[in-house]
Amino acid sequence: MSNELRNFLALSYDELEDLNLKAKEQRKKRASADKVREERMKYLTDEKRLKAVTVLFSDLEGRLHMLDYDKKFLINSWDNLTFDGSSIRGFTAQRESDLRLAMDWGSFYWAPADVFGSGKVLVFGEVIDKDGSPYSADIRGVLKSFANKLYKEEGQTLNAANEIEGFLFNGPDAERRYHETGKFEYVNTGGYYHSLPGDPLRTFIDTTAEVQRAMGFQNEKDHPEVAPSQFEINYGYGEVVAAADQIQLYKLICRQVANNMGFTASFLPKPVVGVNGNGMHTNVSVSEGGKNLFWDPKGEEKLSKRGWAFIDRILTHANDICLMLNASVNAYRRLDPHFEAPNQIKASPVDRGSMIRVPIGNERSMRVEVRSVAPDANPYMVMYSIFKTGLEGETSKIKNLRQASRYLPDNIYDAIANFKSANWTTKMLGEDVKGRYAELKQSSADRCPRQLGTFVKAPEVQYHHEVYNQFLWNLF
């Protein structure tokens, strides 16, 4: 059937950007949920060229799941959508499988038809338990409840921006095909900030940046990173739930654009031995009435006492929450000090090997940068663990806490043990969800060699065995 006969919605990038920025402004101003729902329902009803609504949600480990609902069906049944939770890792057992899916109408996105297909819009969903309460293993919902409670009771807004690194490899589905090829092929070897106009990496970055801009990301800068064929595409900060949503969209956009070009966008923390890995530096701040509470022109490094207290609590609980920030076996390959890896539990304005950095900032941009975060972690869990810990955690009486000689685990088994033994992680997640998450991580670890760097028969065989298992079971 020809496209002319279908007449499905396909908007220009300028039109998409206008629509997405208007929706973003509504979300920023915390427009009434009922008002936003009415507007979106009217739009869906009136826009005849729409065929489907793609509803997105994430499982306990952070994999993004997508369901396409026929538009006409959704208009009539949006308040009674169900799905089988037993098929989602970390969700319900088979005997209690039914879960509901509610629409978070404020998180509505118009996406380019040439990337996502015509006639569709995207919206993030909220997982609801059978009794109508938010589902405890839906960490997006947990994060949203935490942020909303803080705003309602204290008038404070949690802000975040992420610097997400990735690799672009030749060929589609290169990760899952690694066991066949035994290698990754770079598309560019230019290195940091260097890529000729029109070469594959630059074309990929440009195309991805255009899609992000159209979806209201408000880009800042993009460039090749230090390692060959590595990239980073930065965009503006946002309220914490929206920021976590954008991480999921960022990775989805990169993968889709790469696939369309015959490439693979990989967000594994350390897919290639011997070069820098992928990080997801997470910049956070707290504001109240438009005022940045982390800014103090007279403070140390111009960071306020609140900001330093935030840092001290994260350093105190660093080993407790490490598994939430670095969730895969592969993530502990990245925590290698030879490649600027932030594995030292300390804070510094300059040392990039520190878990936390205090970047140069001003009244608007002053922030805390948590560097020990892997891009394959659940973004909602990352945000929740950082903000919950920074605002409500304990502060250790360890001498010289900010510069003490302490290190994050160098393997996932130690990280799991720290996570399981910590009272703080139980307070954050509850016994049930904490147990489910630990069990998933344990299963993941047990499918790989017990120690990173262990040779099975020879270096290339060991690397094949561990990395392939990690690809096969832990990608999202």
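The structure displayed is predicted, hence computed values, not measured ones.

A. Molecular detail of the overall build of the chain. In terms of helices and strands, the chain carries 17 helices and 15 strands. Relative to its length of 476 residues, the chain is compact, with a C-alpha radius of gyration of 22 Å against a globular reference of 23 Å. Each principal axis of the C-alpha atoms in the chain carries an extent, and together these give about 65 × 55 × 50 Å. In the chain, which comprises 476 residues, the proportion classed as buried is 56%. Across the chain, contacts joining residues at least 24 apart in sequence account for 71% of those joining residues at least 6 apart. Summed over its atoms, the accessible surface of the chain is roughly 20,700 Å², and 48% of this surface lies on carbon and sulfur atoms. Looking at charge distribution, the chain has the averaged site of its 62 positive side-chain charges lying 3 Å from that of its 64 negative ones.

B. Molecular detail of the packing of helix α8 (residues 200-214) against helix α9 (residues 240-260). In the contact formed by α8 and α9, the axes pass within 10 Å of each other and the chain directions differ by 135°. It follows that α8 is oblique to α9 by the angle criterion. In the crossing of α8 with α9, the sense of the turn from one axis to the other is right-handed. Residue-level contacts link F204, T207, T208, V211 and Q212 of α8 to Y250, I253, C254, V257 and A258 of α9.

C. Geometry of α9. In this model, α9 (21 residues) spans 30 Å end to end at C-alpha, consistent with the 30 Å of a helix rising 1.5 Å per residue. Of all the 21 residues making up α9, 17 are buried; the element is thus mostly covered by neighbouring parts of the structure. Residue E239 occupies the N-cap position of α9, its side-chain oxygen lying 3.1 Å from the main-chain nitrogen of V241. Phi turns positive one or two residues past the end of α9, at G262, with a value near 85°.

D. Broad picture of the nonpolar core. Formed by 128 residues in total, the largest nonpolar core has its most connected members in F204, M215 and F231. Of all the elements, α9 adds the most residues to this core, at 12 residues. With near-sequence residues (within four places) excluded, M215 lies in contact with N20, Y109, W110, A111, P112, F116, L122, L249 and I253. Formed by eight residues, the second largest nonpolar core is a distinct cluster that contains A174, Y178, A227 and V272.

E. Highlighting the packing of aromatic side chains. Here the structure, examined in full by the defined rule, presents 22 aromatic pairs. Pairing Y109 with F124 gives two aromatic rings, centres 6.3 Å apart and planes at 75°, and the pair type is edge-to-face. Here F124 lies in strand β5 (residues 120-128) and Y109 lies in strand β4 (residues 98-110), a separation of 15 residues in the sequence. Here Y109 and F124 have matching classes, each one buried. Look at F204 and F231: their rings are 4.9 Å apart centre to centre, the planes differ by 65°, and that puts the pair in the edge-to-face class. Taken together, the residues F204 in helix α8 and F231 in strand β8 (residues 230-235) connect sequence positions 27 residues apart. Residues F204 and F231 agree in their burial class; the two are buried.

F. Looking closely at unusual backbone geometry. If you check the backbone angles, R30 has positive phi at about 55° while not being a glycine. Counting through the fold element by element, R30 comes out in the loop between α2 (13-28) and α3 (33-46). Of note, E301 is a non-glycine position whose phi angle comes to about 60°, a positive value. As for its position among the elements, E301 is in the loop between β12 (291-292) and α10 (305-316). Note on E301: relative accessible area 42%, which makes it partly exposed.

G. Expanded view of the sheet that holds strand β2 (residues 64-70). Read from one edge to the other, the open sheet built from five strands follows the order β2-β1-β5-β4-β3, with strand pairing classed as mixed. At either end of the open sheet lies a strand with only one pairing partner, and these are β2 and β3 (82-84). The mean angle between the axes of side-by-side strands here comes to 40°, regardless of whether they run parallel or antiparallel. Pairing analysis gives seven bridges linking β4 to β5, with the strands arranged antiparallel. The residue of β5 that forms the bridge with Y109 is L122.

H. Here's a closer look at the pattern of salt bridges. Under the counting rule described, the total for this entry stands at 26 salt bridges. As a salt-bridge pair, R37 and D34 come within 3.0 Å of each other at their nearest N and O atoms. Here R37 pairs with D34, and both are found in helix α3, just three residues apart, close to one helical turn. The salt bridge partner of E126 is K144, with a shortest N-O separation of 2.5 Å.

I. Focus on empty space enclosed by the protein. Tallying each qualifying case throughout the model produces four cavities of 30 Å³ or more. Looking at the largest cavity, its volume works out to about 60 Å³. L9, A10, L11, L16, W110, A111, A113, G117, S118, G119 and K120 are the residues that line the largest cavity. Grouping the constituent residues of the lining of the largest cavity by class yields seven nonpolar, three polar and one charged.

J. Layout of the pairing of β2. Pairing between strand β1 (residues 52-58) and β2: seven bridges, direction antiparallel. Note on β2: the bridge partner recorded for F57 is H65. Hairpin remark: β1 followed by β2, antiparallel, with five residues in the connecting loop; positive phi at G62, about 100°.

K. Expanded view of the confidence of the model for the chain. Across the chain, pLDDT averages 90, with 91% of residues at or above 70. The low-confidence segment residues 452-476, where pLDDT is below 50, has 62 contacts with residues more than four positions distant or belonging to other chains.

L. Region of the structure containing the environment of A242. With respect to the helices and strands, A242 occurs in helix α9. Considering only alpha carbons, one finds A242 and R27, 215 residues apart in sequence, at a separation of 8.5 Å.

M. Summary view of the pairing of β8. Of all six residues making up β8, six are buried, and the element is well covered by its neighbours. Pairing between strand β6 (residues 156-170) and β8: three bridges, direction antiparallel. Considered in β8, the bridge of F167 is made with Q230. Summarising the sheet, strand β7 (residues 219-224) and β8 pair through five bridges and their orientation is antiparallel.

Calculation notes
- Residues numbered from 1 in each chain as written.
- Predicted model: local features only at pLDDT ≥ 70, side-chain atom pairs only at ≥ 80, totals over all residues.
- Heavy atoms only, no water.
- Helix = DSSP H or I, 4+ residues; strand = E, 2+ residues; numbered from the N terminus.
- Rg over C-alpha atoms; globule rule 2.2 N^0.38 Å.
- Buried < 20%, exposed > 50% of the residue type's maximum accessible area, 1.4 Å probe, protein only.
- Contact = heavy atoms within 4.5 Å.
- Areas by Shrake-Rupley, 256 points an atom, 1.4 Å probe, with all protein chains shown as cover.
- Lys, Arg positive; Asp, Glu negative; His and termini not counted.
- Charge placed at Lys NZ, Arg CZ, Asp CG, Glu CD.
- Axes fitted to C-alpha atoms, helices over the stretch in contact; angles between N-to-C directions.
- Parallel < 35°, antiparallel > 145°, perpendicular 65-115°, else oblique.
- Left-handed = near helix turned anticlockwise from the far one by under 90°.
- Expected span 1.5 Å × (residues − 1).
- Polar contact = N/O pair within 3.5 Å; in protein donor to acceptor, adjacent residues only side chain to side chain.
- Core = buried A, V, L, I, M, F, W, Y, C linked by side-chain atoms within 4.5 Å.
- Phe/Tyr/Trp six-rings, centres within 6.5 Å; stacked < 30°, edge-to-face > 60°.
- Pairing = 2+ DSSP bridges.
- Salt bridge = Lys/Arg side-chain N within 4 Å of Asp/Glu carboxyl O.
- 1 Å grid on protein atoms, 1.4 Å probe; cavity = no way out; pocket = protein on both sides within 12 Å on 5 of 7 lines; lining within 4 Å.
- Points joined across faces, edges and corners; volume = space filled by probe spheres on them.
- Nonpolar A, V, L, I, M, F, W, Y, C, P; charged D, E, K, R; others polar.
- pLDDT = per-residue confidence, 0-100.

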